[in-house]
Amino acid sequence: MPNTNTNTNIDRETLRELADEGNETALDRLADLADTDGRVGELSELLDEGSMRAGFLLTRRAVAAADLRELQRISDAGYDEAADELERLLKAPADGHRD
């Protein structure tokens, strides 16, 4: 009988091999694992490899930390939503109130 458990524990090495062969789902899964483990450097590497999921996760972290430089770097790496968040933060009033 086939295993119907969809939450299978696949090792990182297998995911890396699949990602290297162009499997975007494996690349996304690696990004999720890196995010869960707090491996920001690995997320950055995955973004550089073209993982938009890594871009999303890095952007979320940078917005939470109000890290404008990181948002610019993420945007420069090709994740356009980071540029949108950067602009939003740059246009926000410094004290939280509009004049």
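Above: the structure in question.
Just so we're clear, the structure is a prediction, and the values are computed from it rather than from any experiment.

Visitor: What's the story with the overall build of the protein chain in this structure? I'm lost.
Guide: From N to C terminus, the protein chain includes six helices and zero strands. Every one of the 99 residues in the protein chain was classed for burial, and the buried ones make up 27%. In the protein chain, 26% of the contacts between residues at least 6 apart in sequence involve partners at least 24 apart. With the model as given, the accessible surface of the protein chain reaches about 6900 Å², and the carbon-plus-sulfur share is 47%.

Visitor: Help me out: how do you make sense of a negative patch on the surface in this one?
Guide: Residues D11, E13, E17 and E21 make up a contiguous surface patch of negative charge. One can find E13 in helix 1 (residues 12-20).

Visitor: Explain the environment of Y79 here, please?
Guide: Looking at the element boundaries, Y79 is found in the loop between helix 5 (68-76) and helix 6 (80-91). Since its relative accessible area comes to 9%, Y79 is described here as buried. Spatially, the C-alpha atom of Y79 lies 9.3 Å from that of R53, the residues being 26 residues apart in sequence.

Visitor: Even after reading the chapter, I still don't get the pattern of salt bridges, so can you show me in this structure?
Guide: Oppositely charged side chains can pair when the atoms bearing their charge come close. With the rule as written, the count across this model stands at 10 salt bridges. Note that R12 and D37 form a salt bridge whose closest N and O atoms lie 2.3 Å from each other. A residue pair is termed long-range when its members are at least 10 positions apart, and R12 in helix 1 and D37 in the loop between helix 2 (24-36) and helix 3 (40-48) qualify at 25 residues. Residue class for R12 comes out partly exposed when judged on its relative accessible area of 24%. Where R60 meets D35, a salt bridge forms, and the shortest distance between an N and an O atom there is 2.8 Å. Of this pair, R60 sits in helix 4 (residues 52-64) while D35 sits in helix 2, and the two are 25 residues apart along the sequence. Given the relative accessible area of 14%, D35 is considered buried. Where salt bridges share partners, they join R12, D37, R39 and E42 into one cluster.

Visitor: Looking at this model, I keep getting lost on the environment of L46. Mind explaining?
Guide: Within the secondary structure, L46 sits in helix 3. Judged by its relative accessible area of 3%, L46 is buried. Here the alpha-carbon distance between L46 and A19, two residues 27 residues apart in the chain, equals 9.8 Å. Leave out the neighbours within four places in its chain, and L46 touches R16, L27, L30, A31, S51 and A54.

What counts, and at which threshold
- Residues numbered from 1 in each chain as written.
- Predicted model: local features only at pLDDT ≥ 70, side-chain atom pairs only at ≥ 80, totals over all residues.
- Heavy atoms only, no water.
- Helix = DSSP H or I, 4+ residues; strand = E, 2+ residues; numbered from the N terminus.
- Buried < 20%, exposed > 50% of the residue type's maximum accessible area, 1.4 Å probe, protein only.
- Contact = heavy atoms within 4.5 Å.
- Areas by Shrake-Rupley, 256 points an atom, 1.4 Å probe, with all protein chains shown as cover.
- Patch = residues over 30% accessible without salt bridge, like charges linked within 9 Å, V, L, I, M, F, W, Y side chains within 5 Å.
- Salt bridge = Lys/Arg side-chain N within 4 Å of Asp/Glu carboxyl O.
- Lys, Arg positive; Asp, Glu negative; His and termini not counted.
- Charge placed at Lys NZ, Arg CZ, Asp CG, Glu CD.

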